[in-house]
Amino acid sequence: MVGFKNRYMVVEVFLDPNRDLVRDDPIIITQFNVSKAIKDSILVNFGECGLASSLGSFQVKYVNPITKVCIIRASREEYQKVWSAITMVRNIGNCPVLFNLLDLSGSIKACKSAALKCDELKFEQYKLIVGARLSADATQHMQNCLDKIKVLEH
């Protein structure tokens, strides 16, 4: 018997590009927020039938609220629809956002390594931007997120 084939997308979320980088983010990115925004985009752009066909294996597997990196799973037959819906998302809540696809792979293992690499680089960039205001709590939260990626499975 053949296993169910999925595609995994590593995406980064850019919050309102016109905002000041030093200020706090206007919205906290969560799995629920990202999932709802993508599902709403699928519904608007592909209708109820498109949404129903995409929901079979659609799942936001991982979201890092600090680095704004996400892992999204979709079926092999529907990933292009999900990908195009992701590019058409313009808001999460009332906050303008842009999505950028960083990696597309057929296995969670390859996706985990790409997400880990990206998360580590983006956290180093975050530390440079925040500077001395970096709290131990933020560092601990980032470590928890990295640990969460390492244990991801189908």
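Our subject is the structure that appears above.
A. The packing of helix 1 (residues 31-54) against helix 2 (residues 79-87), seen in detail. Following both chains from N to C, one finds helix 1 and helix 2 inclined at 160°, their axes separated by 8 Å at the closest point. The pairing of helix 1 with helix 2 is recorded here as roughly antiparallel in orientation. Relative to helix 2, the crossing made by helix 1 is right-handed. Only K81, V82, S84, A85 and I86 of helix 2 make contact with helix 1, whose side of the interface consists of I38, S41, I42, F46, G50, S53 and S54. When the residues that make up the contact of helix 1 with helix 2 are grouped by side-chain class, the tally is six nonpolar, five polar and one charged.

B. The arrangement of unusual backbone geometry in detail. In this model, K68 sits at a positive phi of 65°, which is unusual for a non-glycine residue. Residue classification places K68 among the buried positions, given a relative accessible area of 8%.

C. Spatial organisation of the packing of aromatic side chains. In the structure shown here, the tally under the stated rule is two aromatic pairs. Plain terms: the ring middles of F123 and Y126 are 5.9 Å apart, the flat faces sit at 20° to each other, and that makes the pair stacked. Residue F123 and its partner Y126 are both found in helix 3 (residues 108-130); the two are separated by three residues, about one turn of the helix. With relative accessibility at 7%, the residue F123 sits in the buried group. Residue Y126 is classed as partly exposed on the basis of its relative accessible area of 28%. Here R7 stacks its cationic end above the ring of Y79, 6.0 Å away from the centre of that ring.

D. Broad picture of the pairing of strand 1 (residues 6-15). Within strand 1, eight of the 10 residues are buried, leaving the element largely enclosed by the surrounding structure. Judged from the seven bridges that link them, strand 1 and strand 3 (residues 69-75) form a sheet pairing that is antiparallel. Bridge pairing links N6 to S75 in strand 3. In the sheet, strand 1 pairs with strand 5 (residues 95-105) via eight bridges, with the strands oriented antiparallel. Its bridge partner being in strand 5, F14 is matched across the sheet by L98.

E. Highlighting the sheet that holds strand 1. In space, the five strands of this open sheet follow the order 2-3-1-5-4, with antiparallel pairing throughout. The open sheet terminates on both sides in strands that have one partner only, identified here as strand 2 (59-64) and strand 4 (91-92). For strand 4 and strand 5, the ladder comprises two bridges, and the chain directions are antiparallel. Note that in strand 5 the partner of I92 across the bridge is C95. Taken strand by strand, helix 1 contacts strand 2, strand 3, strand 4 and strand 5, and its axis lies near 135° from that of strand 2.

Rules of the game
Residues numbered from 1 in each chain as written. Predicted model: local features only at pLDDT ≥ 70, side-chain atom pairs only at ≥ 80, totals over all residues. Heavy atoms only, no water. Axes fitted to C-alpha atoms, helices over the stretch in contact; angles between N-to-C directions. Helix = DSSP H or I, 4+ residues; strand = E, 2+ residues; numbered from the N terminus. Parallel < 35°, antiparallel > 145°, perpendicular 65-115°, else oblique. Left-handed = near helix turned anticlockwise from the far one by under 90°. Contact = heavy atoms within 4.5 Å. Nonpolar A, V, L, I, M, F, W, Y, C, P; charged D, E, K, R; others polar. Buried < 20%, exposed > 50% of the residue type's maximum accessible area, 1.4 Å probe, protein only. Phe/Tyr/Trp six-rings, centres within 6.5 Å; stacked < 30°, edge-to-face > 60°. Lys NZ or Arg CZ within 6 Å of the ring centre and 35° of its normal. Pairing = 2+ DSSP bridges.

Any functional reading would require information beyond the geometric quantities listed.
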